[in-house]
Amino acid sequence: QVQLVESGGGLVQFGGSLRLSCAASGRTSSGYAMGWFRQAPGKEREFVATINWSGSSTAYADSVKGRFTISRDNAANTIHLQMNSLKPDDTAVYYCAAATRWGTVSGTESLYDYWGQGTQVTVSS
């Protein structure tokens, strides 16, 4: 079992920055891939970013590439999502997820078997 708790969401102005964190407990966070997904009102949940078990490989959705950075600290069982140059289109609930049977980067939602409760990010224009 893995428990995931996100933090760091909030309200920010267009062009601003936020840093999301996700703390894992239970089974340690090393050894498997982790990712961030988001769901905007009235839309399906979508992939944002993923990081492999060691942190040496990352992948991003085209919509956030160059603006968002995912990182992990396995010693602290934590992953982060640094979000810069935020736009109103980034407004969504952001979810942290763990793919405990998968070690490499993947944007495939079905590979992720543990999810956090989500944290709201709102970007005002």
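The structure this text deals with has already been given above.
A brief report on the enclosed structure follows. (Residues numbered from 1 in each chain as written. Predicted model: local features only at pLDDT ≥ 70, side-chain atom pairs only at ≥ 80, totals over all residues. Heavy atoms only, no water.)

A few points about the sheet that holds strand E8 (residues 78-83)
Now for step 1: The four strands are arranged E1-E3-E8-E7 in an open sheet whose pairing can be described as antiparallel. One side of each edge strand has no neighbouring strand; the edge strands of this open sheet are strand E1 (2-7) and strand E7 (68-73). The mean inter-strand angle of the sheet, taken between neighbouring strand axes irrespective of direction, is 15°.
Now for step 2: Looking at chain direction, E1 and strand E3 (residues 18-26) are connected through six bridges and run antiparallel. Bridged to Ser7 within E3 is Ser21. (Pairing = 2+ DSSP bridges. Helix = DSSP H or I, 4+ residues; strand = E, 2+ residues; numbered from the N terminus. Axes fitted to C-alpha atoms, helices over the stretch in contact; angles between N-to-C directions.)

Quick word on the pattern of salt bridges
Now for step 1: The tally for this structure, following the rule as stated, stands at six salt bridges.
Now for step 2: Put simply, Glu46 and Arg38 hold a salt bridge, and the shortest N to O gap is 2.7 Å.
Now for step 3: Between Lys65 and Asp62 there is a salt bridge; the shortest N-O distance is 3.1 Å.
Now for step 4: Given the relative accessible area of 66%, Asp62 is considered exposed.
Now for step 5: In the salt-bridge network here, residues are joined through shared partners; they are Arg38, Glu46, Arg67 and Asp90. (Salt bridge = Lys/Arg side-chain N within 4 Å of Asp/Glu carboxyl O. Buried < 20%, exposed > 50% of the residue type's maximum accessible area, 1.4 Å probe, protein only.)

Remember that the coordinates give geometry; whether it matters functionally is a separate question.
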